Amino acid sequence: MTDDLIRLYAAILDRQQMDPAESKTARLIAAGPKKIAKKVGEEAVEVALDAMNEDRQGVINESADLLYNLSVLWATLNIHPDDVFAEIRRREALYGIAEKLPKAVAER
């Protein structure tokens, strides 16, 4: 999965330089971080709704959309996927695999 996200991110970076009239990704980037963040939120809600309806294929489809929009947001904010992966590894070292940071730690 890491390789897939890196390839997606690289493709998004390539499209940053394109004319927004010719690329959906370039158009989204041109709209700015607020618009992209809104898209991330919309896709996350769609994933949750499909999960609540136990729609497996819907969750797969919407998860792909979510990862795409999240990757566009990362590119816009100059966050490389490796930065996120490093944070996951840091948390794993402190708290174990797949643990979310406790609120008191996350707020520091």
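Structure report, in brief. Note that this is a predicted model, so its numbers are computed, not measured.

**A word on the packing of helix α3 (residues 33-52) against helix α4 (residues 56-76)**
Packing of α3 against α4 leaves a shortest axis separation of 8 Å and a crossing angle of 160 degrees. Relative to α4, α3 is oriented roughly antiparallel. Both α3 and α4 take part in a crossing whose hand is left-handed. Residue-level contacts link P33, I36, A37, K39, V40, E43, A44, E46, V47, D50 and A51 of α3 to G58, V59, E62, S63, D65, L66, N69, L70, V72, L73 and T76 of α4.

**Some thoughts on the pattern of salt bridges**
Applying the stated criterion across every chain, the model contains 4 salt bridges. Three or more residues are tied together by salt bridges with common partners; here these are E87, R90 and R91.

**Thoughts on α3**
Between its first and last C-alpha, α3 extends 28 Å over 20 residues, near the 28 Å set by a 1.5 Å rise per residue. Among all positions of α3, only I36, V40, E43, V47 and D50 are buried. One side of α3 carries all its buried residues, which in axial view fall inside an arc of 95 degrees. Facing away from the buried side of α3 by over 90 degrees, the exposed positions are K34, K38 and M52.

**As for the nonpolar core**
Counting 13 residues, the largest nonpolar core has I12, L28, I36, Y68 and V72 as its most contacted members. Where this core is concerned, the elements lending two or more residues are α1 (2-16), α2 (24-31), α3 and α4. A total of 6 residues in this core trace back to one element, the largest contributor, which is α4. Filtering out sequence-adjacent residues up to four positions away, I36 remains in contact with L28, I29, N69, V72, L73 and T76.

**Notes on the side chain of S71**
Take S71: it is sitting in helix α4. Overall, S71 belongs to the buried group, its relative accessible area being 1%. If we ignore the near neighbours within four places in the chain, the residues touching S71 are L5, L8, Y9 and I12.

**Here we look at the environment of D4**
Assignment of secondary structure puts D4 in helix α1. Here R7 takes part through its side chain, which lies 2.6 Å from a polar atom of the side chain of D4.

**Observations regarding a nonpolar patch on the surface**
Residues V45, L49 and M52 make up a contiguous nonpolar surface patch of roughly 320 Å² in combined accessible area. Residue placement: V45 occurs in helix α3. A residue is classified by how much of its surface remains accessible, and V45, at 48% relative accessible area, is partly exposed.

Cut-off values and rules
Residues numbered from 1 in each chain as written. Predicted model: local features only at pLDDT ≥ 70, side-chain atom pairs only at ≥ 80, totals over all residues. Heavy atoms only, no water. Axes fitted to C-alpha atoms, helices over the stretch in contact; angles between N-to-C directions. Helix = DSSP H or I, 4+ residues; strand = E, 2+ residues; numbered from the N terminus. Parallel < 35°, antiparallel > 145°, perpendicular 65-115°, else oblique. Left-handed = near helix turned anticlockwise from the far one by under 90°. Contact = heavy atoms within 4.5 Å. Salt bridge = Lys/Arg side-chain N within 4 Å of Asp/Glu carboxyl O. Expected span 1.5 Å × (residues − 1). Buried < 20%, exposed > 50% of the residue type's maximum accessible area, 1.4 Å probe, protein only. Arc of directions from axis to C-beta. Core = buried A, V, L, I, M, F, W, Y, C linked by side-chain atoms within 4.5 Å. Polar contact = N/O pair within 3.5 Å; in protein donor to acceptor, adjacent residues only side chain to side chain. Patch = residues over 30% accessible without salt bridge, like charges linked within 9 Å, V, L, I, M, F, W, Y side chains within 5 Å. Areas by Shrake-Rupley, 256 points an atom, 1.4 Å probe, with all protein chains shown as cover.

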